[in-house]
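Now for the letters of each chain:
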Amino acid sequence: AQSVTQPDIHITVSEGASLELRCNYSYGATPYLFWYVQSPGQGLQLLLKYFSGDTLVQGIKGFEAEFKRSQSSFNLRKPSVHWSDAAEYFCAVGSNDYKLSFGAGTTVTVRA
Amino acid sequence: GAVVSQHPSWVICKSGTSVKIECRSLDFQATTMFWYRQFPKQSLMLMATSNEGSKATYEQGVEKDKFLINHASLTLSTLTVTSAHPEDSSFYICSARLGDTGYFGPGTRLLVL
């Protein structure tokens, strides 16, 4: 069975500071990994995804994530956050049937 | 590209009535769509997989007779919550598969009184 752990429930970061959100997964084969962002009351927007190849993945809005098989991790990073980055972030792992298992989410608060 | 819509965006209904939620892929065809449920401050839980032209497959613990899914065309899947009760109040989100990626709709908030 596949599962995802996001250890940080809530992160507060100053505008302009860097951000890193942690994600650990459990899956028997090569995983499909995703990061989604959700604004309050909204659906999910895909930030980036990893299927294979280069382990450093670039996404939208200046986000990137690095797949580390040895650590079963897929952490999301952004060098300099903007106030508009305040949202809920979900890491997800997918299998070859394209079903997604989501982590519990990390709420990001950006302070001025 | 890869836009998914849901209708309605929110709905309030009386206990015992049925509610239909539509999920549409606007600019692509999706043979597979997924329905998720999200409780406040919680993550998304997969309810079922909707396959065009065939029966939906439900996750363990999801009542198929209560949550009826129909995938009538390559761009439309519907979720009908039958005989809704207050515990069915939730945020329902669909996802349409394009290639290896699921694209999510904006969600439907259901409140059952």
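Residues numbered from 1 in each chain as written. Chains lettered and ligands numbered in written order. Predicted model: local features only at pLDDT ≥ 70, side-chain atom pairs only at ≥ 80, totals over all residues. Heavy atoms only, no water.

1. Re the sheet that holds strand β8 (residues 76-81) of chain B
Residues and elements named next belong to chain B.
So, point 1. Strand order in this open sheet of four strands is β1-β3-β8-β7, and the pairing throughout is antiparallel. Every other strand in the sheet has two partners, leaving β1 (4-7) and β7 (67-73) as the edge strands with one partner each. Put simply, the sheet's adjacent strands are angled 15 degrees from each other on average, direction ignored.
So, point 2. Across four bridges, β1 lies against strand β3 (residues 19-25) in antiparallel orientation. By the bridge assignment for β3, S5 is matched with R24. (Pairing = 2+ DSSP bridges. Helix = DSSP H or I, 4+ residues; strand = E, 2+ residues; numbered from the N terminus. Axes fitted to C-alpha atoms, helices over the stretch in contact; angles between N-to-C directions.)

2. A short note on the interface of chain A and chain B
Where interface size is given, it is often the accessible area lost as the parts come together that is meant.
So, point 1. Taken together, the contact pairs 18 residues of chain A with 21 residues of chain B.
So, point 2. Summed over both sides, the interface of chain A with chain B buries roughly 1,500 Å², with 57% coming from carbon and sulfur.
So, point 3. Between the two partners, chain A and chain B, sit one salt bridge.
So, point 4. Of the charged contacts in the structure, one is a salt bridge between E59(B) and K99(A), with a shortest N-O distance of 2.9 Å.
So, point 5. Secondary structure elements with two or more residues in the side of chain A that touches chain B: β5 (32-38), β6 (44-50) and β11 (100-102) of chain A.
So, point 6. Residues of the side of chain A that touches chain B, tallied by class, amount to 10 nonpolar, five polar and three charged. (Contact = heavy atoms within 4.5 Å. Buried area = accessible area lost by both parts, 1.4 Å probe. Salt bridge = Lys/Arg side-chain N within 4 Å of Asp/Glu carboxyl O. Nonpolar A, V, L, I, M, F, W, Y, C, P; charged D, E, K, R; others polar.)

By themselves these figures say nothing about function.
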